Amino acid sequence: MRQTTQGHDARRGSLRRLRPLATVLVAALGVTGAAAAPASAALTSDATSATQVPATGAGSSTGTTTRIVTLVTGDRVIVTTVAGQTRYTIEPAVPGDAAFQSYRDAQGDYHVVPALAEPFLGTALDPSLFDVTAQLRAHAQARTDAVAEVGTQASAHVVAALRAAIGADVRAGRRPGTTVPHLTGLPAAPKSDSQAPATAAAGYPLRILQVDVTDRSGHPANGQAMLLNTDSGFKFENLIPVNGGVGRVALPAGHYGIEFSDETFDTQGNVTSAYAVTKTDFTVPATGTVPDVALNGRTAVPVRVATPLPSIPQLINVGWFRTDASHSVNPASTQDPAIGFDYIVMGNIPFAVNPQPAAKVGTVSSQVQWVGGNAKGTYRYDTSFTNSGVPDVSALKVTSAQLATVHNHYYADPSAPTGGAVDDLPYDYANPGLLTGFALLPQAMPADVTEYLNAAPHTYWAQQVMEGTGLVFNDDPAALTAGSTTSIDWGRGPLAPGVGQHTILPDAVGANSCQACAAGTDVQLNVNDFDDDTPGQQGSPGYQADGTPLQVTSSLTAYQNGQSLGTTPGSSSFSISNAPATGAQYKVVYDTSAATSQVSQSTSTDTTWAFSTTPAAESGAALTPLGTCTGQSKTTPCQVLPLLNISTRLAASEDNTAAPGAESMGLTIGHVSYNGTGSHAAITSATVQVSFDGGKTWQTAQLTRTGAASAGTYTAGWTDPATDIGVHPSIRITATDAVGGSIDQTVNNAYEIVKGA
């Protein structure tokens, strides 16, 4: 199973568009990150800094980047871009119960709304501060961390004030948000494109619609409702305010769909439940009386999933997505009129939604993700249910025959905090407007966890693992087969730079950017810093447990036909647009260092690649049509660079330690590939050397072929010395291929020898 984060955001394009009539739902944020590295004149660096807006469009040439947007509530939105495609993961400020709503507006900006903040939008909290994309955009322009510092400093007293105000309202029997706290120290509001006045209804005769909303207790509800004209969203597509249970809006006659969501709180300001009510179809007549639309919270039923083994709910993620009829017959439209939301609840917070039929006009889709496991954390179920309409979510179930079994083995650096996190996102490629985000589930590391995932039609699963070191691992998407059993290692060392061998699913809507490709005179290479033993997994620096970025010092130097193209400190990538059309010889030297108190293994690396872009070396390496690269066209296809790739399987424990005595390591030398396209040149040589004294002396390991002579599969063996204290060996691997390619890679402190391990 290969579960990458590629392709959850960019492939939506203009989906999930909302034209706000009133103030949109958003959340106050700050951003953390590091400065960008300079690029030389001859060599263009494609690496984006931690403060830059992450690439979300197809064709971006960046590798993996991580950005964090910190909400004023202390919750964080982790923005991960892999091969030019972006996903959003929510990390609650305090592990346990939490609730969030997220969606994308008409301009494509992504929003996250903590339940605690929602009652105060437009009063104590400026709604424009809750636009994640706008915050990233503003921070990139400012080139400063000031916003992040203000946001994180404000979170503690802001959360206390919001909870106190909500608690006071609940105790007094008032609607939460009635008491408006006075907040100080909030970050300045970035410019939000979503604040532009709505013009969707211009030119159409308008009717007055009243929406009547009652909550789960039968009382008038407050909040905002999403409305879409399902004949054509170009006529009307908006958020409208609901106050005292009533919302009124002028809009054209026609067919519509609507959604409203809300929360309940206890006397301490904690979220106790959340719900959504939707109405798939209703009509606003052109003449006569316009009937009120009633949304009743009491019609919502709690999400429940029956599993073969007993399970405690850990997370519920519900997506609702409504499109219009014109979209289905006019795919060439410059916009995709649609509305939708995701609602995520964690821990013991129940979520309810009312059943609704399939759409009569346009389409409606819903997706429910439910995660639950046992108290010991040795297994969990991750299930997904997609429907046209909204089913009775109280009667969902999975059987053993519907499940795929995945044995996850989480490796960890012994110097790192034991607390990590994981997230799984089911993506329904037949309904690309559904779930866009996930929330992190705490995961102790090292650990072995059996995961049961349902093999739903049109669905692949993407997984992300965040370790205590601050490393983030992403794998390729997996379309699961019911009854299958697979095993995955996460963070198994030695960790080293690479590009990997990847799978792009044919149903993955949207483009996937090639990390090592050439097209005509364009050449691009983007290296992952910390790839582990699984060739399709990508390891990159993320954020440590205290919220600070994992600092990685790096330097990349490239040579073309023996001439230096320059050095880019802090970069893991390069691209050129004036390569010789007949091909050239390249050498890339990449060095990294990540020595911190939380990283004691794979602390630094030195890698040198040599390869060619001559047609002979590229024979048979045309990139799969599912991928893209810079410079490609109908007449100039992408060619995967014949870059050598190393995959190791060291016989070590899950904290990457080994005992003195005989040591072995599986070794596979291959080439970068996408769905098998890439160089298939024979591997002509390989060596493994080990140093136990920091590189002063080296011992050559015994290397035994385990496959065909040209296959590049080996087992390496050596002896770990006896020791009373920890010893951190370094490993050097070299290899060559039949077309002149080579790799020379050293990983320092590759693992640890521990007496009695």
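Residues numbered from 1 in each chain as written. Predicted model: local features only at pLDDT ≥ 70, side-chain atom pairs only at ≥ 80, totals over all residues. Heavy atoms only, no water.

### Some remarks on the overall build of the protein chain
Per the secondary structure count, the protein chain includes three helices and 55 strands. Evaluated residue by residue, the protein chain yields a buried proportion of 59% over its 757 residues. For the protein chain, the computed accessible surface area is about 25,900 Å², with 53% contributed by carbon and sulfur atoms. (Helix = DSSP H or I, 4+ residues; strand = E, 2+ residues; numbered from the N terminus. Buried < 20%, exposed > 50% of the residue type's maximum accessible area, 1.4 Å probe, protein only. Areas by Shrake-Rupley, 256 points an atom, 1.4 Å probe, with all protein chains shown as cover.)

### Comments concerning the pattern of salt bridges
The final tally for this structure, using the stated rule, is ten salt bridges. Between Arg-649 and Asp-489 there is a salt bridge, and its shortest N-O distance comes to 3.0 Å. Of this pair, Arg-649 sits in strand β45 (residues 644–650) while Asp-489 sits in strand β30 (residues 485–490), placing them 160 residues apart in sequence. A relative accessible area of 45% means that Arg-649 is categorised as partly exposed. Through salt bridges with shared partners, a single network forms among Asp-489, Arg-492, Asp-533 and Arg-649. (Salt bridge = Lys/Arg side-chain N within 4 Å of Asp/Glu carboxyl O.)

### Concerning the state of the cysteines
Under the counting rule described, the total for this entry stands at two disulfides. Bridging Cys-514 to Cys-517, the disulfide has an S-S length of 2.1 Å. On the sign convention where negative means left-handed, the S-S torsion of about 85 degrees between Cys-514 and Cys-517 marks this disulfide as right-handed. Just as Cys-514 is buried, Cys-517 falls in that class too. Between the sulfur atoms of Cys-629 and its disulfide partner Cys-638 the distance amounts to 2.1 Å. Here Cys-629 and Cys-638 share a disulfide; its torsion about the S-S bond, -105 degrees, makes the bridge left-handed. Here the two residues Cys-629 and Cys-638 agree in accessibility, since each one is buried. When the cysteines engaged in disulfides are numbered in sequence order, the protein chain pairs them as 1-2, 3-4. (Disulfide = S-S within 2.5 Å.)

### What about the nonpolar core?
Residues Ile-669, Val-688, Trp-718 and Tyr-751 are the most contacted members of the largest nonpolar core, which totals 58 residues. Apart from residues lying up to four places away in sequence, Trp-718 is in contact with Leu-650, Gly-661, Ala-662, Glu-663, Met-665, Val-688, Val-690, Phe-692, Ala-701, Ile-731 and Tyr-751. In this structure, Ala-115, Val-345, Tyr-381 and Tyr-452 belong to the second largest nonpolar core, which totals 51 residues. (Core = buried A, V, L, I, M, F, W, Y, C linked by side-chain atoms within 4.5 Å. Contact = heavy atoms within 4.5 Å.)

### Quick look at the pairing of strand β14 (residues 293–296)
Of the two faces of β14, the one holding Val-293 and Leu-295 is buried and the one holding Ala-294 and Asn-296 is not buried anywhere. Sheet analysis places strand β8 (residues 206–214) next to β14, joined by four bridges and oriented parallel. Counterpart to Val-211 in the pairing with β14 is Val-293. (Pairing = 2+ DSSP bridges.)

### Some points on the side chain of Asn-454
Looking at where Asn-454 falls in the secondary structure, it is placed in strand β27 (residues 447–454). Polar side-chain contacts of Asn-454 include one of 2.7 Å to the backbone oxygen of Ser-384. (Polar contact = N/O pair within 3.5 Å; in protein donor to acceptor, adjacent residues only side chain to side chain.)

### A short note on the confidence of the model for the protein chain
Per-residue confidence for the protein chain gives a mean pLDDT of 83, with 84% of residues at or over 70. Of the regions scoring below 50 in pLDDT, residues 1–62 engages in 310 contacts with residues more than four places distant in sequence or in other chains. Note that residues 141–151 has pLDDT below 50 and, in this model, 22 contacts with residues that lie over four places away or in other chains. (pLDDT = per-residue confidence, 0-100.)

### Points about the packing of aromatic side chains
Inspection of the entire model under this criterion finds ten aromatic pairs. Between the aromatic rings of Phe-236 and Tyr-256, the centroid separation amounts to 6.3 Å while the plane-to-plane angle is 65 degrees, which identifies the pairing as edge-to-face. Residue Phe-236 is located in the loop between β9 (223–229) and β10 (237–242), and its partner Tyr-256 is located in strand β12 (residues 254–265); the two are separated by 20 residues in the primary sequence. Each of the two residues, Phe-236 as well as Tyr-256, counts as buried. For the ring pair Tyr-379 and Tyr-381, a centre distance of 6.0 Å and an interplane angle of 80 degrees mean the geometry is edge-to-face. There is no split in this pair, since Tyr-379 and Tyr-381 are both buried. One aromatic cluster in this structure is built from Phe-236, Tyr-256 and Phe-282. Across the ring face of Tyr-559, the terminal group of Lys-587 is positioned such that the distance to the ring centre comes to 4.8 Å. (Phe/Tyr/Trp six-rings, centres within 6.5 Å; stacked < 30°, edge-to-face > 60°. Lys NZ or Arg CZ within 6 Å of the ring centre and 35° of its normal.)

### A few points about the sheet that holds strand β54 (residues 742–748)
Adjacent strands of a sheet pair through backbone hydrogen bonds, lying either parallel or antiparallel. Taken in spatial order, the eight strands make up an open sheet running β39-β38-β41-β42-β54-β53-β49-β50, and their pairing is antiparallel. The open sheet has two edge strands with one neighbour each: β39 (563–569) and β50 (699–700). Relative to strand β53 (residues 730–737), strand β49 (residues 683–691) runs antiparallel, the two being bridged by eight bridges. Among the inter-strand pairings, Ser-691 is bridged to a residue of β53, identified as Ser-730.

### Brief notes about unusual backbone geometry
Of note, the amide linkage connecting Met-445 to Pro-446 takes the cis form, showing an omega dihedral of 0 degrees. In this fold, Pro-446 is placed in the loop between β26 (441–444) and β27. Between Gly-493 and the following residue, Pro-494, the backbone shows a cis peptide bond with an omega angle of 0 degrees. Checked against the element boundaries, Pro-494 lands in the loop between β30 and β31 (496–498). For Asn-749, which is not glycine, the phi torsion reads 55 degrees and is therefore positive. Positionally, Asn-749 belongs in the loop between β54 and β55 (752–753). Residue classification places Asn-749 among the partly exposed residues on the basis of a relative accessible area of 23%.

### What to know about the sheet that holds strand β17 (residues 312–323)
The nine strands lie next to each other as β7-β6-β18-β17-β20-β21-β27-β23-β30, forming an open sheet whose pairing is mixed. The two strands at the open ends of the sheet, each matched to only one other strand, are β7 (110–114) and β30. Ignoring strand direction, the axes of neighbouring strands in this sheet form an average angle of 15 degrees. Sheet topology note: the strand β23 (residues 403–410)/β27 ladder contains eight bridges and is antiparallel. Among the inter-strand pairings, Thr-405 is bridged to a residue of β27, identified as Tyr-452. (Axes fitted to C-alpha atoms, helices over the stretch in contact; angles between N-to-C directions.)

### Brief notes about the side chain of Ser-602
Looking at the secondary structure, you find Ser-602 in the loop between β41 (585–593) and β42 (604–612). Residue Ser-602 is classed as buried on the basis of its relative accessible area of 4%. For Ser-602, the side chain forms a polar contact with the main-chain nitrogen of Leu-495, separated by 3.0 Å.

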